[in-house]
Every structure is written in structure tokens, then in C-alpha cells.
Amino acid sequence: HYLCSRPNRSATTRNEEHRARMWAYSKLLPLQFFVLAFKHGCRSIHETAEFLEVSEEFLVDCINAYYSKYGPFLETNGYLFMFSETGLNISKKIV
């Protein structure tokens, strides 16, 4: 019945859109780019978006997506990423 199939199609479409967004974030703004911005001295969303040549909206959406994927903390390649709904902090891990 067509009424039963529409919600499934919508869920499939939402899933596909989510996967496409996550792919775009990982390809256009991999975590290494955030490290480059950090090393460059970027400390705000505005500075980071400008340095990475993306819109602030796209940057915030990307940070939120990484927050959803990794949770509030991620340690990788000698850096600690601290994600929150209001932004991202990065610190170099002291060994």
C-alpha cells in the first residue's frame, strides 16, 4: 500500500542524506584540517571557517557531526579534540 511505503522511503532518504553529509565532512574537513587551523592560531568559529574557506554554518554542522560520531572527546595523532554543541577545543597531548 502506498501509504505504508512512504515513511520507509523517507527514512531511507534521510539515511542516505546523513551518509552523504558525513562523507562530505570527512572529505572536506578531515580532523587534520582542524589541527592545521589550531596550529595557524585560529581560536574561534569565525577564524577557523575563514582559514578553512568554508561557511561558519558548514563548520558548525561538521563539528556537531563529529561530536555525534565520536562523543565529547577524541584523542588521535597526539591531539585531544573536545567536541561540544557550542564548538571545538583542541590541545596538543603532552607525552
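Please read all numbers here as calculations on a predicted model, not as lab measurements. (Residues numbered from 1 in each chain as written. Predicted model: local features only at pLDDT ≥ 70, side-chain atom pairs only at ≥ 80, totals over all residues. Heavy atoms only, no water.)

Draft legend 1. Focus on the pattern of salt bridges. Applying the stated criterion to the full structure yields 1 salt bridge. Here Lys93 ties to Glu75 by a salt bridge, and the two come within 2.5 Å at their closest N and O atoms. You can see Lys93 sitting in the segment after strand 3 (87-92) and its partner Glu75 sitting in strand 1 (residues 73-76), a full 18 residues away along the chain. Accessibility expressed as a relative area gives 39% for Lys93, which makes it partly exposed. (Salt bridge = Lys/Arg side-chain N within 4 Å of Asp/Glu carboxyl O. Helix = DSSP H or I, 4+ residues; strand = E, 2+ residues; numbered from the N terminus. Buried < 20%, exposed > 50% of the residue type's maximum accessible area, 1.4 Å probe, protein only.)

Draft legend 2. Up close: the nonpolar core. Among the nonpolar cores identified, the biggest contains 19 residues, and Leu31, Phe34, Leu59, Phe81, Phe83 and Leu88 are the most heavily contacted of them. When contributions to this core are tallied by element, the ones reaching two or more residues are helix 1 (2-28), helix 2 (31-40), helix 3 (45-52), helix 4 (56-70), strand 2 (79-84) and strand 3. When residues of this core are assigned to their parent elements, the largest contribution, 5 residues, is made by helix 4. (Core = buried A, V, L, I, M, F, W, Y, C linked by side-chain atoms within 4.5 Å.)

Draft legend 3. Structural detail: the sheet that holds strand 1. The strand order across the open sheet built from 3 strands is 1-2-3, with neighbouring strands paired in antiparallel fashion. Both edges of this open sheet fall to strand 1 and strand 3, since each of them pairs with a single strand only. Each adjacent strand pair in this sheet contributes to an overall mean axis angle of 20°, direction not counted. Here strand 1 runs beside strand 2; their pairing, made up of 4 bridges, is antiparallel. Within strand 2, the position partnered with Leu74 by the bridge is Phe81. Seen against the sheet, helix 2 touches strand 1, strand 2 and strand 3 and runs at an angle of roughly 100° to strand 2. Together, strand 1, strand 2 and strand 3 form the strand contacts of helix 4, whose direction differs from that of strand 2 by roughly 105°. (Pairing = 2+ DSSP bridges. Axes fitted to C-alpha atoms, helices over the stretch in contact; angles between N-to-C directions. Contact = heavy atoms within 4.5 Å.)

Draft legend 4. Up close: the packing of helix 2 against helix 3. It is the contact of helix 2 with helix 3, at a shortest axis distance of 10 Å, that shows an interaxial angle of 115°. The pairing of helix 2 with helix 3 is recorded here as roughly perpendicular in orientation. The two elements helix 2 and helix 3 cross, and the hand of that crossing is right-handed. Within the contact between the two elements, helix 2 uses Phe33, Leu36, Ala37 and His40 and helix 3 uses Thr48, Phe51 and Leu52. Class assignment of the residues belonging to the contact of helix 2 with helix 3 gives a composition of 5 nonpolar, 2 polar and no charged. (Parallel < 35°, antiparallel > 145°, perpendicular 65-115°, else oblique. Left-handed = near helix turned anticlockwise from the far one by under 90°. Nonpolar A, V, L, I, M, F, W, Y, C, P; charged D, E, K, R; others polar.)

Draft legend 5. Spatial organisation of helix 3. Here helix 3 has its buried residues at Thr48, Ala49 and Leu52. The buried residues of helix 3 occupy an angular sector of 100° when the element is viewed end-on, so they sit on one face. Contacts made by the buried residues of helix 3 are with helix 2 and helix 4. Where helix 3 terminates, the next one or two residues include Glu53, which has phi positive at roughly 60°. (Arc of directions from axis to C-beta.)

The values are spatial; any link to function lies outside them.
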